[in-house]
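# A structural walkthrough
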Amino acid sequence: MRNHGGWHPRCACFPIYTAPPVPDTRSITTPIYYVNAHPHIGHIYTSTICDVYARFQRALGQDVFFLTGTDEHGQKVETSARERGIEPKALADENSAVFRDVLNRFDISNDEFIRTTDPEHERQVQGFVQQLLDRDAVYLGEFEGWYDEGQEEYHTETRAKELEYTSPISGRPLVRATEQNYYFRLSTFQERIEQLFADQPDFVRPESRRNEMLGRLREGLNDVPISRTNFTWGIPVPGDESHVIYVWIDALFNYITALGLGEDGGEIDGRGKYWPANYHVVGKEILWFHAVIWPAILMALELPLPHCIYAHSFWISEGKKMSKSLGNFIDLDALQAYDDSYGRDALRWYLATQGPMGATDADFSRAQFHETYTSDLVNTFGNCASRTSAMIGKYCEGLCPTDSGACAGGGVEWDSFTATQVEASIAAMERFDLASSISSAMAIVRQVDVFINETAPFKLAKDPAQAETVGNILYRCLESIRIASCLLHAVMPSKMQALRDAWHLGDPSGDLRTECMWGGLVPGTSIEKVALFPRLEIQDQA
Ligand code: MSP
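First, a word on scope: everything that follows refers to the structure included in this document. (Residues numbered from 1 in each chain as written. Predicted model: local features only at pLDDT ≥ 70, side-chain atom pairs only at ≥ 80, totals over all residues. Heavy atoms only, no water.)

### Quick notes on helix H10 (residues 287–300)
- Spanning 14 residues, H10 covers 19 Å between terminal C-alpha atoms, matching the ideal 20 Å at 1.5 Å per step.
- Within H10, the axis deviates most sharply at Ile 293, by approximately 30°, and proline Pro 295 lies no more than four positions further along.
- Burial analysis of H10 places 14 of its 14 residues in the buried class, the great majority of the element.
- Among the residues trailing H10, Glu 302 stands out with phi positive, at a value near 55°. (Helix = DSSP H or I, 4+ residues; strand = E, 2+ residues; numbered from the N terminus. Expected span 1.5 Å × (residues − 1). Bend = angle between axes of the 7 residues up to and from the residue. Buried < 20%, exposed > 50% of the residue type's maximum accessible area, 1.4 Å probe, protein only.)

### Things to note about the pairing of strand E5 (residues 63–71)
- Burial runs high along E5: nine of the nine residues are buried.
- With five bridges joining them, strand E3 (residues 25–29) and E5 adopt parallel strand pairing. Paired with Ile 28 across the two strands is Phe 66, which belongs to E5.
- Alignment of strand E4 (residues 33–34) against E5, held across two bridges, turns out to be parallel. Looking across to E5, one finds that Tyr 34 is bridged to Asp 71.
- The pairing of E5 with strand E6 (residues 112–115) spans four bridges and is parallel. Within E6, the residue paired with Leu 67 across the bridge is Glu 112. (Pairing = 2+ DSSP bridges.)

### Comments concerning the layout of surface pockets
- Of the volumes computed, that of the second largest pocket is approximately 470 Å³.
- Looking at the second largest pocket, it is lined by 27 residues, and the ones nearest its centre are Tyr 154, His 155, Thr 156, Asn 222 and Val 224.
- Secondary-structure elements contributing two or more residues to the lining of the second largest pocket are strand E7 (138–148), strand E8 (153–155), helix H5 (157–162), strand E11 (224–225) and H10.
- Among the residues making up the lining of the second largest pocket, the classes are represented as 12 nonpolar, six polar and nine charged. (1 Å grid on protein atoms, 1.4 Å probe; cavity = no way out; pocket = protein on both sides within 12 Å on 5 of 7 lines; lining within 4 Å. Points joined across faces, edges and corners; volume = space filled by probe spheres on them. Nonpolar A, V, L, I, M, F, W, Y, C, P; charged D, E, K, R; others polar.)

### Topic: unusual backbone geometry
- Between Arg 205 and the following residue, Pro 206, the backbone shows a cis peptide bond with an omega angle of -5°.
- For Pro 206, the position within the fold is in the loop between strand E10 (204–205) and helix H7 (207–218).
- For Asp 136, which is not glycine, the phi torsion reads 60° and is therefore positive.
- Inspection of the secondary structure puts Asp 136 in the loop between helix H4 (119–134) and E7.
- For Asp 136, a relative accessible area of 43% translates into the label partly exposed.
- The backbone of Asp 269 sits at a positive phi, close to 50°, despite the residue not being glycine.
- Inspection of the secondary structure puts Asp 269 in the loop between helix H9 (254–257) and strand E15 (279–283).

### Quick look at the sheet that holds E11
- Taken in spatial order, the four strands of this open sheet run E8-E7-E9-E11, and their pairing is antiparallel. Only two strands of the sheet have a single neighbouring strand rather than two, namely E8 and E11.
- Pairing geometry for strand E9 (residues 175–184) and E11, over two bridges, is antiparallel. Bridge assignment links Phe 184 to a residue of E11, and that residue is Val 224.
- Packing of H10 onto the sheet brings it into contact with E8, E9 and E11, and relative to E9 it is tilted by some 30°. (Contact = heavy atoms within 4.5 Å. Axes fitted to C-alpha atoms, helices over the stretch in contact; angles between N-to-C directions.)

Function cannot be read off these values alone, since they describe shape.
Have a look at this one:
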């Protein structure tokens, strides 16, 4: 039970006040998504892994802030809007709404959806840029460099050479461009950024990406332009309306404008406590902005830095880079088709367990999706839950048996075994290691399977004298599956809730640790048979 605090009359004269537990805060962000493209697996993936973390932390009783949104300014949006003969804001409104709907549709439980065209955001960005000007961290200067028109990003000579003067994203040639611009004095932060990487080895994860950043850092930092004059769709530089703020600078600020750190009171709706963020989760191609430029800006503003920038790799599809022309692009329709055939939670499961959270890209393939679904969800979790609940129906009149404590065989100390897995699962999620967290929960389920096979309650049940032992075995199975389901609720909210409903466990309490304590399942509870994950043929799907 949660301690909600209050007066406890230990004795009539000296009541003792126990303060309610102060929840920790956990804050996690996705990148904000460009409104000139349609949502695809990249967006759904980043959002889903953040969602799993956010739900898990909420289940633990933490005070969570999960932020996502749309990145709406810049040349690309202006150009796309012009091509369609509409205003950039109209295009942004339309596509931002698409993103918002899609995230809802995929059960993303974000607490806020920020748009960079929100007046509160624009106002605060101008305020922050003014502060940077006042502190002489930004100056007006001339710049020449290699420009990636698609990405709206400049590259240094060294980097451009490495990229063979071609955009790593669009494959189009980089162009030589000169501009008079406002510059951020990134070069003056070289030592401080190096120090940051040395002092906080987990600032950038995984390790391979951190090393990549360290390599680029060794090439030396140059000042970066933070304004543009060749288009107007952006936030004007304060005091110089002929420049708009570079879309990347505008976008990075979303992480703190959503909390109101640039407002007069320093926060909106008491959200100041959510800064610094625990995790900025980004794709590998946008890590530099987050791992180097963003902390330098925060240092210039004397604001605290986020704890960790987690950069995932990319999904490829059927063994090849995704492309529209190859027909292997996993867009929304493709995702919807998986969702329709296998279910939302199966898709979340695949993204969370097989996704590219490490150094290498991951392959999204029909065969692997099917195999993962069948082996993890049908054969392991689903089978274990349905087998156990079916035996409860058959041998225990559909009611959770009493655990008499008599030895039920199997040689497993269930309370300590599950406690160890629970702690491992929680600790892994804290590190944003989704796969390990999930695998600790699944270790419980796998152990139940072994236990059923070893103790064979279906055989013992033939002998009425063994009824108590059968009850003990099945209690252990039910209780273990219940605990595993609590840990897996964040990744498969609907299916785990369906299990809870069938086993009359109610809604999660918001205190995951207590809920995962052995013995929570009350004997006598009605346990209905569950069939959570139907066995499917591979051709059933998209
Ligand atoms: N607007 C910027 C981010 C600004 S954050 C201050 C941006 N937007 S985006 O719409 O392009 O972001 C897409 C996100 O999806 C990025 O995190 C990117 O890494 C991710 N993905 C895009 N394609 C992907 C895959 N094929 N696989 C996995 N994720 C990839 O960048």
